Amino acid sequence: MKKTTAAVVGIGEVPTGKYPDRSELDAALTACRAAILDAGLGPRDIDVILPTGALASRHFNVDLVFSRLCEELGMNRSLKMNCQVMAGGATSSSILAVAEGLIAAGMARRVLCVHSDAVGSLPKQAGIDLFATTGVSEEWEAPYGHNMNAVGALATQRYMHETGTTEEELAAVCVALRKWAMLNPHAMFRTPLTVEEVMASKMVATPLRAKECNMLADGAAAFVVAAAGDARAISESPVFLRGHGSLVTHYTLSQERDLARLGFPEAARAAYAEAGIGPDAIQLAQIYDAYPVWPLMSLDGLGLCRGTPAGAFVAAGETAPGGSLPMTTNGGMLSQGHTGVGGGIAVLVEAFRQLMGKAGARQVAGLVNAVETASGGTWMDSHVTILSREAA
Amino acid sequence: MTAQTRPLPQPSAWSAPFWQAARDRRLVIQRCTSCDEKIMYPRRFCPVCLGEALEFVPAKGTGEIYTLTTQMAGPPSGFEAMLPYVLAVIRLDEGVQMMSNIVGDGALGARIGDRVTVDFATVEGSDTVLPVFRLAGDGQ
Ligand SMILES: [Zn+2]
């Protein structure tokens, strides 16, 4: 077990959806301001900003790289470093690990991590084409018509082949996420959804139907990481970073040789060992989704279903409101919306929100320990992070 | 919006022999002359021993479907007219994997584990030839 060095002390988020009149800068500043105020801090208390990458606008991404947030947030001549951290969908876990490392090394005291993007306001085909080149080899895969929905579909087929998971069980993942999203005012999709409606939606890439494919959205979120020793003086409900494990398994999907598992078993083992917290003590699973297969695969790898195959576990309602293991209570990318790199950040920020006791109508009672997962590109890497209200 | 053509591979210095072989209707993979590792897709050097002495060797052109999907809607630009098309990861009998399309008789009914044989398809309006796969027993 590792001695805890860092904690999250403030969070901010703007609603996710299609907001063509809300600039990425506006959303970023709103989320940062909310996170700093949530922590009870001022701008000059922050010594490092870690913005992640924005995909929709190169112009805004350049702003992020070149310290625009520092100046707009009033941190000129007090901020020590502004440095972009980008790992696609795995940015959530990765940026948290970088912030923790800087703090553990004594190189930073308070780190502001932020994402903002507007991929939801891109024309539909531009969105498809953008994500058909993220982790998809232009030489070896794109010429065959590979694309992001196909990434999800190819993994789903292999997972179903190896586990016997049914199409109805996949649809049940979408339904459980929707039930949580209906309680989340920041979610893009908040109307009831049934397994039958998922099954009746248009086939996109077998076996994935339209309602099993995420919708691109605009969004922004931010959080403040502080030294663990300062955390209780800053926040009434700090969230301590207890353990992290990860494994990069491929760049191109076609090079992955274990597409039904990826690196989740290895990442989970490392994270549990570092945290000194095992799967039996996990009360909330904030699992990166994007497509229904990934939560199932992640739950299996994390050992969270008590020996039940993940598909059956979800279909039985165990991850929905009222179930034994609340999962991705913001609604995930399938219902809150997929903001690009930020889909995972929203999943992570919801873990903080729940552990801080600020999740409103969807608050999980008596929460102490949670797990968060992430993966980027074509699920090139598997990340597992253990979070707790208690330090070690 | 103007219709975009489908993306074509832009060969690198070290992958050019692969694409030339495809134009000659041959499927080749790399072999490391230092450690005998079989490599696909072509690399700048061996990912096992970092040796730079790689050679292209003929592949049998047979293998099995590791996973697949039939794209029915929402394709990337340039693929609209191909719908529905089958995208697959093929595990070649040499042990290496590659992405390709399943084409020909029965392609839409192909399943994981099915045996496949390489064929070659010229991309319309280009001199690019893509290795594609047919189900074994497809009468071509
Ligand atoms: Zn070698």
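See the structure shown above.
Calculation rules
- Residues numbered from 1 in each chain as written.
- Chains lettered and ligands numbered in written order.
- Predicted model: local features only at pLDDT ≥ 70, side-chain atom pairs only at ≥ 80, totals over all residues.
- Heavy atoms only, no water.
- Helix = DSSP H or I, 4+ residues; strand = E, 2+ residues; numbered from the N terminus.
- Buried < 20%, exposed > 50% of the residue type's maximum accessible area, 1.4 Å probe, protein only.
- Contact = heavy atoms within 4.5 Å.
- Areas by Shrake-Rupley, 256 points an atom, 1.4 Å probe, with all protein chains shown as cover.
- Pairing = 2+ DSSP bridges.
- Donors = N, O, S within 2.8 Å, 3.2 Å for Na, K, Ca; no water.
- Tetrahedral: all angles 85-135°; square planar, octahedral: opposite > 155°, others 65-115°.
- Polar contact = N/O pair within 3.5 Å; in protein donor to acceptor, adjacent residues only side chain to side chain.
- 1 Å grid on protein atoms, 1.4 Å probe; cavity = no way out; pocket = protein on both sides within 12 Å on 5 of 7 lines; lining within 4 Å.
- Points joined across faces, edges and corners; volume = space filled by probe spheres on them.

Caption draft 1: A look at the overall build of chain A. Scanning chain A for helices and strands turns up 14 helices and eleven strands. For chain A, the spread of C-alpha atoms along the principal axes amounts to about 55 × 45 × 40 Å. Every one of the 392 residues in chain A was classed for burial, and the buried ones make up 64%. Taking the contacts inside chain A whose residues are at least 6 apart along the sequence as the reference set, 77% of them involve residues at least 24 apart. Looking at chain A as shown, the accessible area adds up to about 13,100 Å², and 53% of this sits on carbon and sulfur atoms.

Caption draft 2: Representation of the pairing of strand 10 (residues 369-374) of chain A in the model. Residue and element names in this part refer to chain A. Burial analysis of strand 10 places six of its six residues in the buried class, the great majority of the element. Burial along strand 10 is two-sided: the face carrying Asn369, Val371 and Thr373 and the face carrying Ala370, Glu372 and Ala374 are both buried. Pairing geometry for strand 9 (residues 284-286) and strand 10, over three bridges, is parallel. Note that in strand 10 the partner of Gln286 across the bridge is Glu372. Alignment of strand 10 against strand 11 (residues 381-388), held across six bridges, turns out to be antiparallel.

Caption draft 3: Structural context of the coordination of the zinc ion. All names here are of chain B. Protein-derived ligands of the zinc ion are Cys32 (SG), Cys35 (SG), Cys46 (SG) and Cys49 (SG), with the metal-ligand distances lying across 2.3 to 2.4 Å. Geometry at the zinc ion is tetrahedral, judged from its four donor atoms and the angles of 100 to 119 degrees they form at the metal. Here the donor residues of the zinc ion are spaced in sequence according to C-x2-C-x10-C-x2-C. You can see Cys32 sitting in strand 1 (residues 28-32) and its partner Cys46 sitting in the loop between strand 2 (38-39) and strand 3 (54-58), a full 14 residues away along the chain. The exposure class assigned to Cys32 is buried, which follows from its relative accessible area of 0%. Given a relative accessible area of 0%, Cys46 falls into the buried group.

Caption draft 4: Spatial organisation of the side chain of Ser382 of chain A. All names here are of chain A. Relative to the helices and strands, Ser382 resides in strand 11. On the accessibility criterion, Ser382 (0% relative accessible area) is buried. There is a polar contact of 2.9 Å between the side chain of Ser382 and the backbone nitrogen of Gly263. With residues up to four places along the chain from it excluded, the contact list for Ser382 reads Gly245, Ser246, Leu247, Leu262, Gly263, Phe264, Ala267, Ala374 and Ser375.

Caption draft 5: Expanded view of the layout of surface pockets. Residue and element names in this part refer to chain A. Its volume calculated, the largest pocket comes out at about 1,000 Å³. Asn149, Asn214, Met215, Leu216 and Tyr291 are the residues nearest the centre of the largest pocket, which is lined by 46 residues in total. Within the residue set of the lining of the largest pocket, elements represented by two or more residues are helix 5 (124-131), helix 6 (148-163), helix 7 (167-181) and helix 13 (332-335). No other element matches helix 5, which puts four residues into the lining of the largest pocket.

These results come straight from atomic positions and should not be treated as a statement about function.
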